Amino acid sequence: MPRYLLKRLAQTALTAWFTLTVVFVLLRLAPGDPAVNYAPPNPSSEQLEAVRHQFGLDQPVLGQYLTYLSHLVRGDVGDSFQFRQPALQVVLDRLPYTITLAVAAIVVTALLAIPLGVWMARRDNTAPELGANIATIVGQSMPDFWIGFVLLIVFAVNLGWVAPAGFTSAGSIVLPCLTIVILQVALISRLVRREMVNNLHAPYVTIARSRGVSERRLTWRYAFANSSIPVVTALGTRFAAMLNGVVIVEVVFKWPGVGELVVDALERRDFPLIQATVLVTVVLALLVQLGVDLLYPLMDPRVRLGKEALR
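In this text, all values refer to a predicted model and were calculated from it rather than measured experimentally.

Draft legend 1. Layout of the side chain of Glu 250. Structurally, the position occupied by Glu 250 is in helix 11 (residues 247-252). No salt bridge forms around the buried Glu 250; measuring N to O, its nearest opposite-charge neighbour Arg 94 is 6.5 Å away. A distance of 2.9 Å separates a polar atom in the side chain of Glu 250 from a polar atom in the side chain of Thr 98. There is a polar contact of 3.4 Å between the side chain of Glu 250 and the backbone nitrogen of Val 258. Among all residues touching Glu 250, those that are not within four sequence positions of it are Thr 98, Leu 101, Trp 255, Gly 257, Val 258, Gly 259 and Glu 260.

Draft legend 2. Highlighting unusual backbone geometry. Phi at Asn 42 is positive, roughly 45°, even though this residue is not glycine. A residue is classified by how much of its surface remains accessible, and Asn 42, at 76% relative accessible area, is exposed.

Draft legend 3. Focus on the nonpolar core. By size, the foremost hydrophobic cluster in this structure holds 41 residues, and its most contacted members are Leu 101, Leu 175, Ile 180, Val 192, Met 196 and Met 242. Counting residues per element, this core draws most heavily on helix 8 (residues 174-200), at 11 residues. When residues no more than four places from it in sequence are discounted, the contact partners of Leu 175 are Leu 151, Leu 152, Phe 155, Ala 156, Val 162 and Phe 253.

Draft legend 4. Broad picture of the pattern of salt bridges. Counted by the stated rule, this structure contains 8 salt bridges. Among the salt bridges present, the one from Arg 122 reaches Glu 215, with a minimum N-O distance of 2.8 Å. Of this pair, Arg 122 sits in helix 5 (residues 87-122) while Glu 215 sits in helix 10 (residues 215-243); the two residues are 93 residues apart in sequence, bridging distant segments of the chain. We classify Glu 215 as partly exposed; its relative accessible area is 32%. Notably, a salt bridge pairs Asp 124 with Arg 193, separated by 2.8 Å at the nearest N-O pair.

Draft legend 5. Region of the structure containing the environment of Phe 83. Relative to the elements of secondary structure, Phe 83 occurs in the loop between helix 4 (61-72) and helix 5. With relative accessibility at 33%, the residue Phe 83 sits in the partly exposed group. Along the primary structure Phe 83 and Gly 56 are separated by 27 residues, whereas in three dimensions their C-alpha atoms are 16 Å apart. Setting aside anything within four residues of it in sequence, one finds Phe 83 in contact with Val 90, Leu 261 and Leu 273.

Draft legend 6. Up close: the packing of aromatic side chains. Counted according to the given criterion, the structure contains 9 aromatic pairs. On the basis of an interplanar angle of 10° and a centroid distance of 4.0 Å, the ring pair of Phe 55 and Phe 81 is categorised as stacked. Of the two residues, Phe 55 is situated in helix 3 (residues 45-55) and Phe 81 in the loop between helix 4 and helix 5; the sequence distance between them amounts to 26 residues. A ring pair is formed by Phe 81 and Phe 271, whose centres lie 6.2 Å apart and whose planes are at 50°; its orientation type is tilted. With a gap of 190 residues between them, Phe 81 in the loop between helix 4 and helix 5 and Phe 271 in helix 13 (residues 271-299) connect regions that are remote in the sequence. Among the aromatic side chains, those forming a connected cluster through ring pairs are Tyr 38, Phe 55, Phe 81 and Phe 271. Positioned above the aromatic ring of Phe 24, the side-chain terminus of Arg 28 is 3.7 Å from the ring centre.

Draft legend 7. Focus on the packing of helix 7 (residues 144-158) against helix 8. Put simply, helix 7 and helix 8 touch, their axes get as near as 9 Å, and they point 140° apart. In terms of their interaxial angle, helix 7 and helix 8 are classed as oblique. Judged by the twist between their axes, the crossing of helix 7 over helix 8 is right-handed. Judged by residue contacts, Asp 144, Ile 147, Gly 148, Leu 151, Leu 152, Phe 155 and Ala 156 of helix 7 engage Leu 175, Leu 178, Thr 179 and Ile 182 from helix 8. Split into classes, the residues belonging to the contact of helix 7 with helix 8 amount to 8 nonpolar, 2 polar and 1 charged.

Rules of the game
- Residues numbered from 1 in each chain as written.
- Predicted model: local features only at pLDDT ≥ 70, side-chain atom pairs only at ≥ 80, totals over all residues.
- Heavy atoms only, no water.
- Helix = DSSP H or I, 4+ residues; strand = E, 2+ residues; numbered from the N terminus.
- Buried < 20%, exposed > 50% of the residue type's maximum accessible area, 1.4 Å probe, protein only.
- Lys, Arg positive; Asp, Glu negative; His and termini not counted.
- Salt bridge = Lys/Arg side-chain N within 4 Å of Asp/Glu carboxyl O.
- Polar contact = N/O pair within 3.5 Å; in protein donor to acceptor, adjacent residues only side chain to side chain.
- Contact = heavy atoms within 4.5 Å.
- Core = buried A, V, L, I, M, F, W, Y, C linked by side-chain atoms within 4.5 Å.
- Phe/Tyr/Trp six-rings, centres within 6.5 Å; stacked < 30°, edge-to-face > 60°.
- Lys NZ or Arg CZ within 6 Å of the ring centre and 35° of its normal.
- Axes fitted to C-alpha atoms, helices over the stretch in contact; angles between N-to-C directions.
- Parallel < 35°, antiparallel > 145°, perpendicular 65-115°, else oblique.
- Left-handed = near helix turned anticlockwise from the far one by under 90°.
- Nonpolar A, V, L, I, M, F, W, Y, C, P; charged D, E, K, R; others polar.

Rendered as structure tokens:
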């Protein structure tokens, strides 16, 4: 297991490096001059050149990249152009908001989607199951920005139950969380239903039923236990995606998380801040995926992580 863990950590570091390199190159190839955003109004060529020199943008791209890597290995991702402070600290200040929203959304999703998917599987090919299936398809097809605007109009503008935007109280998380949950519940519940239907019709369940095992035990101890790995994988993947910034939701509700921060950084062409955001969110997402992989042997003894894991 330690060798497997080291191997996965090395893969995580390699993936993070590759992603950062791609982002670094794409930012430098994108049209436009970042110096224009940080120079005085109607700047002269000398003023623009001074800003480029201040930010190191007057160096060749390869030179900028090597300088970036040398600083990165020392834990320095550079200073934000607009905030004039370490970009990593700016991202870490916003990260708790995104993590809070992602954790709340994935917990509520699991609490709703798993029982709903199991219920649909137990009532497969019945009218109630058909109605629930149609509802999940509708929920899956609705864009999250549209759901967000509808919730804003109904609960914030018309009813006035919550603040329309920003983080002003604990209740501010309700609408952004609900916007994410509607889509995720639709996706996960359909997955749970499919896996449960397959397992409930499997021969081992038929044999267990013939031996008098209760339906409750068949459902949860047998069928759901064998359906749990793809479900946990899907929940982990969705959670990792949320950590990468539920950008649209954060912008719609002005949620002060990483997603809104990176949109602002893109508009201002704040290269260090964009790179710091990518670094933090990619590493977090990869670590979440690593954690999910390490759960497999604990969830199902049939799963093995290869010969190395057994040493």
